[in-house]
Amino acid sequence: MNEPKNFRIKSFGCQMNVYDGERMAELLSSKGMPEAKEGEEADLVILNTCHIREKAAEKAYSDVGRMVREDGSRPMVALAGCVAQAEAGEAQKRSKNIDIVVGPQAYHRLPDLVDQAAKGGRPVDTDMPAISKFDAMPARSKSGPSAFLTVAEGCDKFCTYCVVPYTRGAEISRPWGDIVSEALSLVERGAREITLLGQNVSAWSGQDEKGRTGGLELLIRRLAKIDGLERLRYTTSHPADMDEGLIAAHGDVDKLMPYLHLPVQAGSDRILKAMNRHHTAESYLKLIERFRTARPDMAISGDFIVGFPGESDAEFEETLAIVDAVRYASAYSFKYSPRPGTPAADMEDQIEADVMDDRLQRLQAKLSEHSLAFNRSKVGQTFPILIERKGKKPGQMIGKSPWLQSTFVETGAVIGDMVEVRIEQALPNSLGATLLEKVPA
Ligand code: SAH
Ligand code: SF4
Ligand code: F3S
């Protein structure tokens with residue numbers, strides 16, 4: 001296979017994969033390999049995959065299959081991300097079209113792996129080296145108005161259904177100085193909003209310039225001082241790791257947006273225990289109350305799993321009850337998917353597919369009612385949105401509200417502008433607005 005001249009990355013799964021995809025792109029570009037333009041064929045395709053549910057993992061292999069062109073040729077294919085970590089060399093046994101396998105902690109070695117593949121090798125690198133991949137990465141070279149920044153990675157929670165502790169490894173916090181300098185360079189390159197990422201971001205801890213030890217609150221307070229940065233968000237939090245300081249920050253850091261993604265997964269304490277979640281329905285609800293006391297307009301978002309092994313009808317009803325109690329602004333809900341190597345996959349009483357379908361439908365109907373109600377509560381209000389992309393109609397732009405709602409507006413403003421709007425219409429997944437004025441930069 002020839003040395004590739006350009007590349008394309010396709011990222012699936014969570015926001016961290018999107019972030020990793022950007023870093024891999026910057027790394028290859030810094031080595032002189034440009035990204036393929038739209039419509040242009042790429043010599044190297046990197047599939048940055050997700051292993052979280054069976055469907056997501058299967059998608060990786062069907063995408064590999066689709067890489068073969070009509071004339072039988074194909075680009076060099078690198079399998080990256082969590083499927084790569086989970087399957088390692090097995091992936092190449094399953095598909096002869098995978099040249100490189102590179103795990104989420106080893107992608108700083110990609111240029112070297114590409115060289116090996118160009119010489120006919122089929123390198124697999126799923127090491128989780130002690131030196132951080134971040135140290136080996138070039139500085140940030142690009143940013144959109146809304147940027148992701150990984151501050152913590154990995155997970156030590158071992159929820160019994162979840163592959164992440166195996167695919168991303170043990171929890172690590174990136175050092176303070178690295179995070180601050182990456183945030184500064186993102187803002188220099190146009191970021192006005194930064195979302196701090198971690199599988200369990202609320203467990204971040206580190207030492208500031210003065211050697212004081214602190215958690216996510218301290219970091220947020222520091223980043224909020226960056227001129228030109230208007231908005232801060234963080235995701236994903238675990239209910240067992242939220243502290244008073246972080247809650248208080250929502251009350252007094254203006255740049256910290258009133259939005260919290262706090263997965264609960266299920267409403268039954270017996271199921272939560274079987275999931276190894278370290279919280280109960282009641283402790284979760286109390287936590288939400290504390291956030292709402294600090295910041296009354298806080299939008300709460302969550303993740304749910306229906307049909308965890310052994311979940312009875314009555315236990316599922318408890319999930320519906322917690323949804324009503326919290327009134328989620330938005331949520332992601334999934335059918336339980338048994339994952340190889342996780343304890344729940346071997347549990348008895350796996351739930352039938354049709355029961356799961358039915359539960360998911362009922363849950364999603366309820367979640368939609370609440371998100372529509374939340375969106376409706378904004379009609380008539382005025383606030384700034386950060387323009388992120390063009391809408392489908394001419395002159396239409398789409399921006400995000402402080403509560404992360406996609407908001408449509410007709411305006412001459414461009415991507416990256418903050419504009420003040422009035423909300424005229426609420427839909428289940430978006431808001432319609434009219435323009436009031438542009439907020440000065
Ligand atoms: N704390 C993580 C969660 C990652 S997984 C984070 O940083 O986002 C995202 C969601 O996928 C989980 O909250 C859970 O609701 C869901 N999920 C995880 N494993 C699953 C499985 N085996 N089956 C179905 N859904 C799952
Ligand atoms: Fe997975 Fe649980 Fe860790 Fe989230 S907290 S990544 S669901 S093990
Ligand atoms: Fe998927 Fe890995 Fe993210 S399994 S959800 S890409 S951490």
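Residues numbered from 1 in each chain as written. Chains lettered and ligands numbered in written order. Predicted model: local features only at pLDDT ≥ 70, side-chain atom pairs only at ≥ 80, totals over all residues. Heavy atoms only, no water.

Draft legend 1. Layout of the overall build of the protein. Secondary structure assignment for the protein yields 13 helices and 20 strands. Here the protein has a C-alpha radius of gyration of 22 Å; the compact-globule value for 441 residues is 22 Å, and the two agree. With respect to the principal axes defined by its C-alpha atoms, the protein has extents near 60 × 60 × 50 Å. Within the span of the protein, comprising 441 residues, buried residues form 54% of the whole. Put simply, of all contacts in the protein between residues at least 6 apart along the chain, 70% involve residues at least 24 apart. (Helix = DSSP H or I, 4+ residues; strand = E, 2+ residues; numbered from the N terminus. Rg over C-alpha atoms; globule rule 2.2 N^0.38 Å. Buried < 20%, exposed > 50% of the residue type's maximum accessible area, 1.4 Å probe, protein only. Contact = heavy atoms within 4.5 Å.)

Draft legend 2. Representation of the site of ligand 1. The environment of ligand 1 is made up of 14 residues, and the closest members are Gln199, Thr236, Gln265, Asp303 and Ser337. The side chain of arginine 53 places a nitrogen or oxygen atom 3.1 Å from an oxygen atom of ligand 1. Glutamine 199 places a main-chain nitrogen or oxygen 2.7 Å from a nitrogen atom of ligand 1. Taken by itself ligand 1 offers 550 Å² of open surface, and the protein chains cover 86% of this. Sorting the residues of the shell around ligand 1 by element identifies strand S14 (299-306) and strand S15 (330-335) as the ones contributing at least two each. Considering only residue class, the shell around ligand 1 consists of 5 nonpolar, 5 polar and 4 charged. (Near = heavy atom within 4 Å. Polar contact = N/O pair within 3.5 Å; in protein donor to acceptor, adjacent residues only side chain to side chain. Areas by Shrake-Rupley, 256 points an atom, 1.4 Å probe, with all protein chains shown as cover. Nonpolar A, V, L, I, M, F, W, Y, C, P; charged D, E, K, R; others polar.)

Draft legend 3. Highlighting the pattern of salt bridges. Inspection of the entire model under this criterion finds 39 salt bridges. Of the charged contacts, one joins arginine 140 and glutamate 22 as a salt bridge, the two residues approaching to 3.2 Å between their closest N and O atoms. Of this pair, arginine 140 sits in the loop between strand S5 (124-125) and strand S6 (146-150) while glutamate 22 sits in helix H1 (residues 15-30), and the two are 118 residues apart along the sequence. With a relative accessible area of 4%, arginine 140 lands in the buried category. Owing to a relative accessible area of 33%, glutamate 22 belongs among the partly exposed residues under this scheme. Residue glutamate 87 pairs with arginine 94 through a salt bridge whose shortest N-O separation is 3.9 Å. Among the ionic contacts, a cluster of salt bridges with common partners joins Glu22, Arg23, Glu26, Arg140, Arg174 and Glu182. (Salt bridge = Lys/Arg side-chain N within 4 Å of Asp/Glu carboxyl O.)

Draft legend 4. Broad picture of helix H5 (residues 110-118). Within the span of H5, buried status applies to Leu110, Pro111, Leu113, Val114, Ala117 and Ala118. Buried residues of H5 fall within an arc of 160° about the axis and therefore sit on the same side. Structurally, H5 contributes buried residues whose contacts are with H1, strand S2 (44-49), strand S3 (76-80), strand S4 (100-102) and S5. Glycine 120, located one to two residues past H5, shows a positive phi value of around 100°. (Arc of directions from axis to C-beta.)

Draft legend 5. Region of interest: the sheet that holds S14. With parallel pairing, the 3 strands of this open sheet are ordered in space as S13-S14-S15. Strands at the two margins of the open sheet, each flanked by one partner only, are strand S13 (259-261) and S15. Shown here is a sheet whose adjacent strand axes are inclined to one another by a mean of 10°, direction ignored. Two strands pair when backbone bridges link them, and S13 and S14 are joined in this way by 3 bridges, in the parallel orientation. Residue pairing for S14: leucine 260 is matched across the bridge by isoleucine 300. (Pairing = 2+ DSSP bridges. Axes fitted to C-alpha atoms, helices over the stretch in contact; angles between N-to-C directions.)

Draft legend 6. Just the packing of helix H7 (residues 176-188) against helix H8 (residues 216-223), in detail. The N-to-C vectors of H7 and H8 enclose an angle of 35°; their axes lie 11 Å apart at closest approach. The element H7 and its partner H8 pack so that their crossing is right-handed. For the pair H7 and H8, the contacting residues are Trp176, Ile179, Val180 and Ala183 in the first and Leu218, Leu219, Arg222 and Leu223 in the second. Of the residues assigned to the contact of H7 with H8, the class counts are 7 nonpolar, no polar and 1 charged. (Left-handed = near helix turned anticlockwise from the far one by under 90°.)

Draft legend 7. Region of interest: the sheet that holds strand S9 (residues 193-197). Ordered by their spatial adjacency, 3 strands build an open sheet running S6-S9-S12, and the pairing between neighbours is parallel. Strand pairing shows two members of the sheet lacking a second neighbour, S6 and strand S12 (231-235), which therefore form its edges. If you compare each strand with its neighbour and ignore which way they point, the axes differ by 25° on average. Pairing geometry for S6 and S9, over 5 bridges, is parallel.

Draft legend 8. Layout of the site of ligand 2. Inspection of the region around ligand 2 gives Cys155, Lys157, Phe158, Cys159, Tyr161, Cys162, Val164, Pro165, His238 and Arg277 as its neighbouring residues. Residues of the shell around ligand 2, tallied by class, amount to 7 nonpolar, 1 polar and 2 charged.

Draft legend 9. Structural detail: H7. For H7, with 13 residues, the first-to-last C-alpha span of 18 Å sits near the 18 Å given by 1.5 Å per residue. Buried residues belonging to H7 abut H1, S6, S9, strand S10 (205-207) and H8. (Expected span 1.5 Å × (residues − 1).)

Draft legend 10. Looking closely at the packing of aromatic side chains. A full pass over the atoms with the stated rule returns 6 aromatic pairs. Pairing phenylalanine 158 with tyrosine 166 gives two aromatic rings, centres 5.6 Å apart and planes at 75°, and the pair type is edge-to-face. By relative accessible area, phenylalanine 158 is classed as partly exposed at 37%. Its relative accessible area of 41% is what places tyrosine 166 among the partly exposed residues. Between tyrosine 161 and phenylalanine 308, the aromatic rings sit 6.4 Å apart at their centres with planes inclined by 85°, giving edge-to-face as the arrangement. With tyrosine 161 in the loop between strand S7 (152-153) and helix H6 (164-167) and phenylalanine 308 in the loop between S14 and helix H12 (313-326), the pair connects residues that are 147 residues apart, well separated along the chain. (Phe/Tyr/Trp six-rings, centres within 6.5 Å; stacked < 30°, edge-to-face > 60°.)

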